[in-house]
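If you want the building blocks of each chain, they are given just below.
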Amino acid sequence: MSKVEIIVLNGEDARTAEANGADRLELVSAIAEGGLTSSYGIIKTVVESVKIPVMVMVRPHSYSFVYRKDEWDAIREDIKVIKELGAAGIVFGALTEKQTVDFDLLSMVLEEAKGLSITFHRAIDETDSLEVYKSLCLSPYHVNRILTSGGKPKVQEGLDSLKRMMEESQKSGDRPTILPGSGLSANNIANIHEQLKAAEYHFGSAVRIGGDFRNRINGDEIQKIKKMID
C-alpha cells in the first residue's frame with residue numbers, strides 16, 4: 001500500500017487531510033512562490049492538530065535554491081524551532097551555482113536536524129535529476145527521500161527519468177526513497193502508479209476545491225486517490 005503526502009498550509013488543511021486518509025503532510029507557506037517556511041504559530045498549530053507526521057519546508061526565500069553563507073543562521077534557527085515543536089522532519093534542498101548539490105550546506109543541515117526525517121525537495125529538478133540523485137546516493141550524507149518530478153515540470157513528463165531513479169533507489173536498502181510529485185491527481189494517478197509502483201506520492205493543488213490552493217482541501221479527492229493506489 002503506497003503512502004500519500006499532502007501539501008497543507010494551516011491547521012484546517014491538516015485536519016481535513018488526515019481525516020480523509022493522508023499518511024503524511026508537507027507544511028509550507030507562500031505556495032505561490034513555490035513554498036517557504038511557515039511561521040512558528042502555524043507550525044505549532046499544525047503539529048498539534050494531527051497525529052500523522054508533519055514535514056516542514058525549510059526555505060528562507062524563493063529567489064533560487066542557492067544559499068549564501070549568511071543565510072545559514074536563519075536556516076539553522078528554523079530547524080531548531082521545527083524540532084522543538086515536534087514536527088517529524090524537514091523538506092530542504094540546496095544547490096551550488098554549478099547546479100550540483102551543495103553538500104557543504106547539506107551537511108550542516110543534517111547535523112542540525114539529527115533525529116528528523118529529511119526530504120530533499122524539487123531543487124533536484126533544476127538539475128540533471130538522475131545524476132544528482134546518484135551523487136546523493138554515493139555521498140556520506142543521508143536523506144530519507146527525494147521529492148521529484150524526474151527533472152520535468154510534471155511527473156507525467158518525467159516518467160522515464162523517474163523509472164531510472166527508482167531503479168537506482170532499489171540497488172540498496174539505504175538509498176533515499178523516490179517521492180514522485182507535481183501534477184499528480186485522481187485523474188492520472190492510477191496510470192502513473194501502474195508504471196512506477198512508487199511507495200509514496202506527493203499531492204498539492206489537485207486535492208483542493210477547483211484545483212486551486214486558494215480553496216480548501218477536498219477530502220473526497222484524497223479518498224479517491226487512496227483507493228487507486230491501495
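Notes on the structure in this doc start here. Just so it is clear, the model here is predicted, and its values are computed rather than measured.

## Examining the overall build of the protein
Along its length, the protein carries 8 helices and 8 strands. Taken against the 2.2 N^0.38 rule, which gives 17 Å for 230 residues, the C-alpha radius of gyration of the protein at 16 Å falls within 12% of a compact globule. Along the first, second and third principal axes, the C-alpha atoms of the protein reach 45 × 40 × 30 Å. Burial status across the protein gives 52% buried among its 230 residues. Restricting to contacts in the protein with at least 6 residues of sequence separation, those with at least 24 account for 66%. Within the structure as shown, the protein displays about 10600 Å² of accessible surface, and the carbon and sulfur contribution to it stands at 47%. Charged side chains in the protein number 29 positive and 34 negative. The centres of these two groups are separated by 3 Å.

## Regarding the packing of helix α7 (residues 189-196) against helix α8 (residues 219-229)
When two helices pack together, their arrangement is given by the angle between the helix axes and the distance between those axes. Put simply, α7 and α8 touch, their axes get as near as 9 Å, and they point 30 degrees apart. You can see that α7 and α8 cross each other, and the crossing is right-handed. The residues of α8 that touch α7, namely those facing I189, A190 and H193, are I225, M228 and I229.

## Describing the sheet that holds strand β3 (residues 54-57)
Sheets are built from strands paired through backbone hydrogen bonds, the pairs being either parallel or antiparallel. Strand order in the open sheet made by the 8 strands is β7-β6-β5-β4-β3-β2-β1-β8, with parallel pairing throughout. Because the sheet does not close on itself, it has two edges, and the strands there are β7 (177-180) and β8 (200-203). Within the sheet, the average angular offset between the axes of one strand and its neighbour, ignoring direction, is 25 degrees. Where strand β2 (residues 24-27) lies against β3, 3 bridges are found, and the strand directions are parallel. Along β3, the bridge assignment pairs E26 with M55. Against the sheet, helix α6 (residues 159-169) engages β6 (145-148) and β7, with an angle of about 155 degrees to β7.

## Thoughts on the side chain of E71
Here E71 shows up in the loop between β3 and α3 (72-84). Accessibility expressed as a relative area gives 11% for E71, which makes it buried. Reaching out from E71, the side chain makes a polar contact with the backbone nitrogen of R68 at a distance of 2.7 Å. Ignoring any residue separated from it by four or fewer positions in sequence, one finds E71 in contact with H61 and V66.

Cut-offs applied
Residues numbered from 1 in each chain as written. Predicted model: local features only at pLDDT ≥ 70, side-chain atom pairs only at ≥ 80, totals over all residues. Heavy atoms only, no water. Helix = DSSP H or I, 4+ residues; strand = E, 2+ residues; numbered from the N terminus. Rg over C-alpha atoms; globule rule 2.2 N^0.38 Å. Buried < 20%, exposed > 50% of the residue type's maximum accessible area, 1.4 Å probe, protein only. Contact = heavy atoms within 4.5 Å. Areas by Shrake-Rupley, 256 points an atom, 1.4 Å probe, with all protein chains shown as cover. Lys, Arg positive; Asp, Glu negative; His and termini not counted. Charge placed at Lys NZ, Arg CZ, Asp CG, Glu CD. Axes fitted to C-alpha atoms, helices over the stretch in contact; angles between N-to-C directions. Left-handed = near helix turned anticlockwise from the far one by under 90°. Pairing = 2+ DSSP bridges. Polar contact = N/O pair within 3.5 Å; in protein donor to acceptor, adjacent residues only side chain to side chain.

Function cannot be read off these values alone, since they describe shape.
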